[in-house]
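Structure assessment
What follows is the residue order along each chain.
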Amino acid sequence: MSYRLVPLHQRLANALSYGEFQLYYQPVVNVATAEIVGAEALCRWPQRDQSMAMPETFIAQAETSGFIIQLGDWVLRTAAEQMHRWQQTYQRRLRLAVNLSGRQFLHFNLVKQVEEALKASGFNANDLEFEITETIAMHNAEESIGVMRQLKSLGIGLSLDDFGTGYSSLSYLKRFPIDVLKIDKSFVRDIPEDANDLAIVSAIIAMAHALGLRVVAEGVETDAQWHFLRDCGTQLAQGYYFGRPLPASEFQDLLAREAGKPAAIAQAR
Ligand code: C2E
Ligand code: MG
Ligand code: MG
């Protein structure tokens, strides 16, 4: 059978067993200093024709077929091992953000899988943050709170991803044991020209701070966006302005540059 005719769910399973998936790491920076404080792990799937399949083309299918449970386990283990090596090499604290899909989040075995991945990698739970979208969190809000509490009891941080694009209720926002709001890039894109976006972003930041939450602004691409966010008191940001998602070896070059050390000291796997 031609490769293209193999169903996607089968190709995904094959890709995992042949070690075809890759993780890219996008720097998360301190807005005041532009220093790297950690990274978000983002999944990539290189294709035979040299193109790169982006998560939007396969995560939904992986979610429908249930394959996301295995893929998510691989993502967490690989990213935690990698981040732990970087922490040891550069002797610094680096936080790791990992995305969780709805099915992963509500899977009965999640907490056990996470405990095992942390144990196997030696990565500290306090440096791990799971990102879930507000839509996932709200889907079954009471059950979500239970899962969040279990993850929090391990020491893991929680972020609401793509904040502002889904639906969330402010009363739940208060009850969810979360640490971070990630402002969706659609609100950052037209800063500083769009007065509505300026108002929305300022309001989200003020609300987050009033609730004791940290804010990560996503999709920062320009100097003007950076300055606006900094002046509003945003602590953390991510976006092409600071760094694109990079393969492990290139992210390591960034860390090495910050540390003033040659990259050859510790080769990424
Ligand atoms: P996300 O978690 O909101 O990730 C941020 C997305 O914004 C990434 O897209 C990133 O490449 C992109 N981005 C970062 N900075 C900029 C910028 O300055 N401008 C613009 N226009 N885009 C920027 P990506 O890597 O294509 O991932 C898309 C989504 O796929 C992620 O959104 C996340 O929901 C999902 N995803 C990625 N990796 C995983 C994974 O391992 N597991 C799960 N469950 N979902 C994943
Ligand atoms: Mg994310
Ligand atoms: Mg996002």
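Above this note sits the structure.
All of the points below concern the structure found in this document. (Residues numbered from 1 in each chain as written. Chains lettered and ligands numbered in written order. Predicted model: local features only at pLDDT ≥ 70, side-chain atom pairs only at ≥ 80, totals over all residues. Heavy atoms only, no water.)

1. Section: the environment of Leu254
- Relative to the elements of secondary structure, Leu254 occurs in helix 12 (residues 248–259).
- Classification of Leu254 by relative accessible area gives buried; the value is 18%.
- C-alpha of Leu254 to C-alpha of Pro27: the two residues are 227 residues apart in sequence and 9.0 Å apart in space.
- Setting aside chain neighbours within four positions, we find Leu254 in contact with Pro27, Ile36 and Leu246. (Helix = DSSP H or I, 4+ residues; strand = E, 2+ residues; numbered from the N terminus. Buried < 20%, exposed > 50% of the residue type's maximum accessible area, 1.4 Å probe, protein only. Contact = heavy atoms within 4.5 Å.)

2. Thoughts on the coordination of the magnesium ion (ligand 2)
- The coordination sphere of the magnesium ion (ligand 2), as far as protein atoms go, consists of Glu40 (OE), Asn99 (OD1), Glu131 (OE) and Asp161 (OD), spread over 1.9 to 2.2 Å.
- Along the chain, the residues donating to the magnesium ion (ligand 2) fall in the pattern E-x58-N-x31-E-x29-D.
- A distance of 4.1 Å spans the gap from the magnesium ion (ligand 2) to the magnesium ion (ligand 3), which Asp161 bridges by coordinating each metal. One end of the pair, Glu40, is in strand 2 (residues 36–46); the other, Asp161, is in strand 6 (residues 157–163), and 121 residues separate them in sequence. One exposure class covers both Glu40 and Asp161, and it is buried. (Donors = N, O, S within 2.8 Å, 3.2 Å for Na, K, Ca; no water.)

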